[in-house]
Amino acid sequence: MRVILDTNVLLSTLISPHGAPETIYRAWREGRFKLVTAAVQLDELRRASRYPKLKSILPAHRMGTLLNHLQHAVVLKRLLPLPAGIALNDPDDEFLLAMALDGQADYLVTGDRRAGMLRRGRIGPARILTPVVFCSEILA
């Protein structure tokens, strides 16, 4: 099983040690599924780690550990453009859809309701789920 975790889900694992994002992250570290990421997402995580509001709650060493762990995921170097007609309310999140298609993901896990991914329900063969639903339906 191949899974994409939205950047907000990955950051949530660092912010709260309890909850669905952390459960998902631990399941990946235990080898229960293959995590798919991309260079563009790793860059986004590095940028986010420098945001003042996150710097105050995220110790640098925890972000460094996360980035080091993600080097063991399936890392896509380049992403193909999305097919015509596929768009989100937040164009900055469209790379996640491209990751799901290029990475042949089974699931895309996101907590971001404003971008429109959850309303889509799927991209190609990948189901788009919240962390709570992924935990209850897939990891249970």
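Thresholds applied
Residues numbered from 1 in each chain as written. Predicted model: local features only at pLDDT ≥ 70, side-chain atom pairs only at ≥ 80, totals over all residues. Heavy atoms only, no water. Core = buried A, V, L, I, M, F, W, Y, C linked by side-chain atoms within 4.5 Å. Buried < 20%, exposed > 50% of the residue type's maximum accessible area, 1.4 Å probe, protein only. Helix = DSSP H or I, 4+ residues; strand = E, 2+ residues; numbered from the N terminus. Contact = heavy atoms within 4.5 Å. Salt bridge = Lys/Arg side-chain N within 4 Å of Asp/Glu carboxyl O.

Caption draft 1: Broad picture of the nonpolar core. Counting 29 residues, the largest nonpolar core has Leu5, Ile24, Phe33, Leu45, Leu66, Leu70 and Phe134 as the members making the most contacts within it. Put simply, the parts of the chain that give this core at least two residues each are strand E1 (2-5), helix H1 (7-15), helix H2 (20-29), helix H3 (39-48), helix H5 (60-70), strand E4 (107-109) and helix H8 (131-139). Aside from chain neighbours lying at most four places away, what touches Leu45 is Thr7, Leu10, Leu11, Met63, Leu66, Leu67 and Leu70. Judged by nonpolar contacts, the second largest core, of 19 residues, contains Leu76, Leu88, Leu97 and Leu118.

Caption draft 2: Focus on the pattern of salt bridges. Under the defined criterion, the tally for this structure stands at four salt bridges. With a shortest N-O distance of 3.4 Å, Glu22 and Arg26 are connected by a salt bridge. Residue Glu22 and its partner Arg26 are located together in helix H2, separated by four residues, close to a single helical turn. In this structure Glu22 comes out as buried when scored by relative accessible area, which is 14%. One salt bridge connects Asp43 with Arg46, and the closest N-O pair in it is separated by 3.2 Å.

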